[in-house]
Each structure stands twice: as structure tokens, then as C-alpha cells.
Amino acid sequence: MKITVIGSGYVGLVSGACLAELGNDVICLDVDPKKIDILNNGGVPIYEPGLEDVIKSNVAAGRLRFTTDVAESVAHGLVQMIAVGTPSGEDGSADLQYVIAAARAIGRAMTEYKVIVDKSTVPVGTADKVRQAVQEELTKRGIKTGFSVVSNPEFLKEGAAIDDFNRPDRIVIGAEDEQAIKVMRDMYAPFQRNHDRLMVMDIRSAELTKYAANAMLATRISFMNELANLAEKVGADIEHVRKGIGSDQRIGYHFLYAGCGYGGSCFPKDIRALQRTGEEYGLPLKVLQAVEEVNDAQKSVLLQKITQRFGENLKGKHFALWGLAFKPGTDDMREATSRVVMEGLWARGATVTAYDPAAMKETQHIYGKRADLSYADNPKDALQEADALVIVTEWKAFKSPDFNVIKSLLKQPVIFDGRNLFEPASIAAQGIEYHGIGRES
């Protein structure tokens, strides 16, 4: 199948590369010539484990190409997959300007039937706006060719996107005509051999499904974080509570880990956009408002623990920070807890030496050169002469450290663990002062 993917960002590149891997003929379009130059010269403008290899092999096989030529890309694909960004507007709503611009570009160039697929995360009703934009451009040109609009939301986790695309839990298709449904079934046929993963529904339900999924996951995180804070007050251990409730099959263990808050490009943005949709229909989503408020507060919990231990004035104090990205497996710093922690430490006069396996370059891009921020080549080097270790991201490399080395390099053996990587009793037995989330200090 000939497929065009509009937008060569995170979702577009992963989708395009994985569809090419299945044997499809894929063109990825982007209006940013710098991004396309990087891709055409063998580079990858984003960090995602395994993506570079998939791109290189399919470019070499002739199944994957990159272009800035709109006319070429529209002429190429029966399927026109829109995978552009939908950033938060000032009011929290999803900004659809790039989605609508992509739709208009298709309408200005198409000459035959196309299936236009909304892959971007978009609010309920976006398909109607896409359909209207395409039809307006066709009418201006006097073209009467038919087209279909489909909602096909992505469910990719940063750091595991290739595996998520290739082994999906479900494939949601929002479509209302049989021709479009058949095209989508044909495109996703390779994923159907083991069992039927395709869920066909009306377009608005498909659009809402993506937001509902992320809202549910974010709700579980904030719920556990609030319980963790209560556990500290009453003398309970949130890890024991997690196991106790997770063993109930109606609840399960997934997304029940207490920590220092969620971040990234999806949960915060999607929670705000879904709240905005509720407001537009006169239905405030009070649960989601609480989810967001709890998460915003949770990002400051580590900072509160540090100031309780060392005082509000941290001038002359130096901290080792393990983890900058909002989660392991990515370099994404958008709304990362590390930013709240570092900025809070700097505001109180402290300095930071940070280490992250993937996100240090992005951190440098955000903050530039600062006298109060330095970077280490490895976790051990970050510990040198620090007053305490602060763990923000649960990278695998942090899970089994040499605690004797930690004790020898820190000025005083103190760990603030924002991801509950270690057992408090075990750490205490080694003579280290330990502060977790919802656990005994």
C-alpha cells in the first residue's frame, strides 16, 4: 500500500518507519527542511530506542522516503496520515492549526480518492473540521473527487514506541463508510494474524478513546501519589499498599507506582485538552482537575523533602541529580519533574551536577550554560562532593548501584529517591539516610 505520513515528528516517524517495515511504500512529509535534511542524510531528529535502525533498513530497501514536496506526497498515498503536533493553547485546548493546515494542503493537491487519517491526538469533533477544510479546498478548485476521514489514534509510549506499534493491544479505527474501513483493515492486516486487534467504531468515540485512555492512566498515578503522601502521615508503606490493592484483578498492578509526578508531551497536554472539551460542553471534569492539581503539587515533593532536611536556604549546598528526562527511554524534558527540582534548588542558592543517559543534550538546549548546573559522564561522577543524591528518573542504570561508592563520594550519605527504587530498610542498614515517596524515612 502507498502511504503518506504528514509530520515527521515522534508519531509520524515511528508510524512511517513501522508501516514501511511491513512492506508498504511510505513517504514522510515535513515542512521543516532541516528535519528532512537530517533524515535524508541518515540521521534521526528524535531519540527513540530502535527507531534509527528501522529507518535505515527501510530507506535502504526503498520503502521509506522523506520530502518537503506537498504535491509529491499527496499524489503518492492512498492513505494520507496526519501526524502533526497538537500543542496546548493558552486556554489548555489542543491547538489544531497544524492539523487543519495539513488537511488544507491535501485538499489543494488531491485529484483522486484519499483516506485521510487523523493519527494526531485531537479533540472530539476534529474529523468534522478536517472534512470541512478538505472540502473547502476541493470546492475552490472545482474538483468533485471523493474522500474519507478516519480517526486512528496512536497509543505509543516514549521509549517503547517501536514495540507498541508492532505489538498493539488494540487498533482503534473511527470510520463511518465501508470503503475507508476496508482500506484501514488492509493496512493493518499484518497485525491481525494472531487475533483481531481492530476495533471499529464511530469517529467521535475513537477521538474520545485516546483522551480517555491517557486520562485514566494519569488518574491512577495521581491517586497513588496522593495515597503515598497520606501513607507518610499515618506511618504506612505505599509499596505494601500497592501490592495489596494491585492483587485485586479488578484493579491490577499497572500504573500504581507512587513517585514524584508525571510529565512528558502526552499526559499533561491531554488532561488539559479533555478538561477544555468538558468546559465547552458545559460539563467541568472535576476528577481530571484534581488529577492535574495533585500532579503539579507532587512535582515539588522532592524539593520539600530536601528543604525539610537542609533548610530553605541552600546556598553553598551541592546536589547530585540522577535523571533528567520525564521517564526512562527518552530524552523528552517537556514538563519533567527534574525541571521543577533543579529550578527550586537554584532559587534557594544550591548547585547541581546532573547525569542522564539520554537527556543531557536536551537539558543544555533548554538551560544553556549556567554556573549552577554541570553534567557528569556517568552516575558515579555526579556524586563527587555532593551533599545528597536526588533520584528523579528510574533509568535501569540507577537501580543497582554500589552503595559503598555512594557513601564514599557524597559529603554525607543522604538519598532522596523520587521513584522508590530501593528498600528503605536495606538502605538504612548500610548507613545511608533515605527519603522515598510514601515510605519510611
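Residues numbered from 1 in each chain as written. Predicted model: local features only at pLDDT ≥ 70, side-chain atom pairs only at ≥ 80, totals over all residues. Heavy atoms only, no water.

Enquirer: Explanation requested: the pairing of strand E12 (residues 388-391) in the structure shown.
Expert: Looking along a regular strand, one sees side chains alternate from face to face of the sheet. Here E12 shows no split at all, with Ala388 and Val390 on one side and Leu389 and Ile391 on the other all buried. Strand direction decides the pairing type here: strand E9 (residues 318-322) and E12, joined by 4 bridges, are parallel. If you follow Ala320 over to E12, its bridge partner there is Leu389. Relative to strand E13 (residues 414-417), E12 runs parallel, the two being bridged by 3 bridges. Looking at the pairing, Val390 lines up with Phe416 of E13. Taken together, E12, helix H17 (residues 403-409) and E13 constitute a β-α-β crossover, and its handedness is right-handed. (Buried < 20%, exposed > 50% of the residue type's maximum accessible area, 1.4 Å probe, protein only. Helix = DSSP H or I, 4+ residues; strand = E, 2+ residues; numbered from the N terminus. Pairing = 2+ DSSP bridges. Right-handed = clockwise from strand over helix to strand, strands pointing away.)

Enquirer: Just checking my understanding: could you explain the nonpolar core for this structure?
Expert: Side chains of nonpolar character tend, in soluble globular proteins, to be buried together. In terms of nonpolar packing, the biggest core is built from 59 residues, with Phe319, Leu321, Leu345, Leu389 and Val390 touching the most fellow members. Considering each element in turn, this core owes the most residues, 5 residues, to helix H13 (residues 301-310). Setting aside chain neighbours within four positions, we find Leu345 in contact with Leu303, Ile306, Leu314, Phe319, Ala350 and Val352. Listed in part, the 41 residues of the second largest apolar core include Ile3, Ile36, Leu156 and Ile173. (Core = buried A, V, L, I, M, F, W, Y, C linked by side-chain atoms within 4.5 Å. Contact = heavy atoms within 4.5 Å.)

Enquirer: Before we go on, may I ask you to explain the packing of aromatic side chains in this structure?
Expert: By convention here, two paired aromatic rings are described through the distance between centres and the angle between planes. As enumerated under the stated definition, the model contains 11 aromatic pairs in all. Each ring, one from Tyr188 and one from Phe191, has its centre 5.9 Å from the other, and the planes form 50 degrees; the classification is tilted. Across the pair, exposure class does not vary: Tyr188 and Phe191 are buried alike. Aromatic side chains Phe422 and Tyr434 sit 6.4 Å apart centroid to centroid with 55 degrees between the ring planes, which places their arrangement in the tilted category. Taken together, the residues Phe422 in the loop between E13 and helix H18 (424-429) and Tyr434 in strand E14 (residues 433-435) connect sequence positions 12 residues apart. Each of the two residues, Phe422 as well as Tyr434, counts as buried. Taking NZ or CZ as reference, Arg309 lies 4.8 Å from the ring centre of Phe310, over its face. The lysine or arginine in question, Arg370, covers the ring of Trp346, its NZ or CZ lying 3.8 Å from the ring centre. (Phe/Tyr/Trp six-rings, centres within 6.5 Å; stacked < 30°, edge-to-face > 60°. Lys NZ or Arg CZ within 6 Å of the ring centre and 35° of its normal.)

Enquirer: Teacher, can you tell me more about the side chain of Ser148 here?
Expert: Within the secondary structure, Ser148 is located in strand E6 (residues 147-151). A polar contact of 2.6 Å, which involves the side chain of Ser148, links it to the side chain of Tyr113. In contact with Ser148, not counting residues within four places along its chain, are Tyr113, Lys114, Val115, Ile116, Asp177 and Ala180. (Polar contact = N/O pair within 3.5 Å; in protein donor to acceptor, adjacent residues only side chain to side chain.)

Enquirer: What's the story with the pattern of salt bridges in this structure? I'm lost.
Expert: Working definition: two side chains of opposite charge can pair if their charged atoms are close together. Using the criterion set out here, one finds 31 salt bridges in the structure. As a salt-bridge pair, Glu137 and Arg108 come within 3.8 Å of each other at their nearest N and O atoms. Remark: Arg108 occurs in helix H5 (residues 97-109) and Glu137 occurs in helix H6 (residues 126-141); sequence separation between them is 29 residues. For Glu137, a relative accessible area of 5% translates into the label buried. Residue Arg108 is classed as partly exposed on the basis of its relative accessible area of 46%. Lys140 is the salt-bridge partner of Glu137, the closest N and O atoms lying 3.4 Å from each other. Taken together, the positions of Glu137 and Lys140, both in helix H6 and 3 residues apart, correspond to about one turn of that helix. (Salt bridge = Lys/Arg side-chain N within 4 Å of Asp/Glu carboxyl O.)

Enquirer: I tried to follow the environment of Ala83 on my own but got confused; where do I start?
Expert: With respect to the helices, strands and loops of the structure, Ala83 is situated in the loop between strand E4 (79-82) and H5. Through-space distance from the C-alpha of Ala83 to that of Ser300 is 33 Å; in sequence the pair is 217 residues apart. Beyond its immediate chain neighbours, meaning those up to four positions away, Ala83 contacts Val5, Ile6, Gly7, Val11, Gly12, Lys119 and Ser120.

Enquirer: How should I be thinking about the side chain of Lys299 in this particular structure?
Expert: Residue position: Lys299 is located in the loop between helix H12 (286-298) and H13. Filtering out sequence-adjacent residues up to four positions away, Lys299 remains in contact with Cys260, Tyr262, Gly263, Glu335, Thr337, Val340 and Val341.

Enquirer: For this particular structure, what's the right way to read the sheet that holds E9?
Expert: Two pairing modes exist for strands in a sheet, parallel and antiparallel, and in both the strands are linked by backbone hydrogen bonds. Pairing is parallel across the open sheet formed by 6 strands, whose spatial order is E11-E10-E9-E12-E13-E14. In the strand order of this sheet, the two ends are held by strand E11 (373-375) and E14, each with one partner. Each strand axis lies, on average, 20 degrees off the axis of its neighbour in the sheet, ignoring direction. Two strands pair when backbone bridges link them, and strand E10 (residues 351-355) and E11 are joined in this way by 3 bridges, in the parallel orientation. Each bridged residue has a counterpart across the sheet, and for Ala354 the counterpart in E11 is Tyr375. Docked against the sheet, H13 engages E9, E12, E13 and E14, running at close to 155 degrees with respect to E13. Against the sheet, helix H14 (residues 337-347) contacts E9, E10, E11 and E12, and its axis sits at roughly 175 degrees relative to E9. (Axes fitted to C-alpha atoms, helices over the stretch in contact; angles between N-to-C directions.)

Enquirer: Hey, could you run me through unusual backbone geometry in this one?
Expert: For residues besides glycine, phi is generally negative; the peptide bonds are generally trans as well. Backbone geometry at Phe255 places phi at a positive 55 degrees, although glycine is not the residue there. Its location among the elements puts Phe255 in the loop between helix H10 (238-246) and helix H11 (267-280). By relative accessible area, which is 32% here, Phe255 ends up partly exposed. Positive phi is not limited to glycine here, since Glu335 has a value of about 55 degrees. Among the secondary structure elements, Glu335 is positioned in the loop between E9 and H14. Here Glu335 falls in the partly exposed class, since its relative accessible area comes to 30%.

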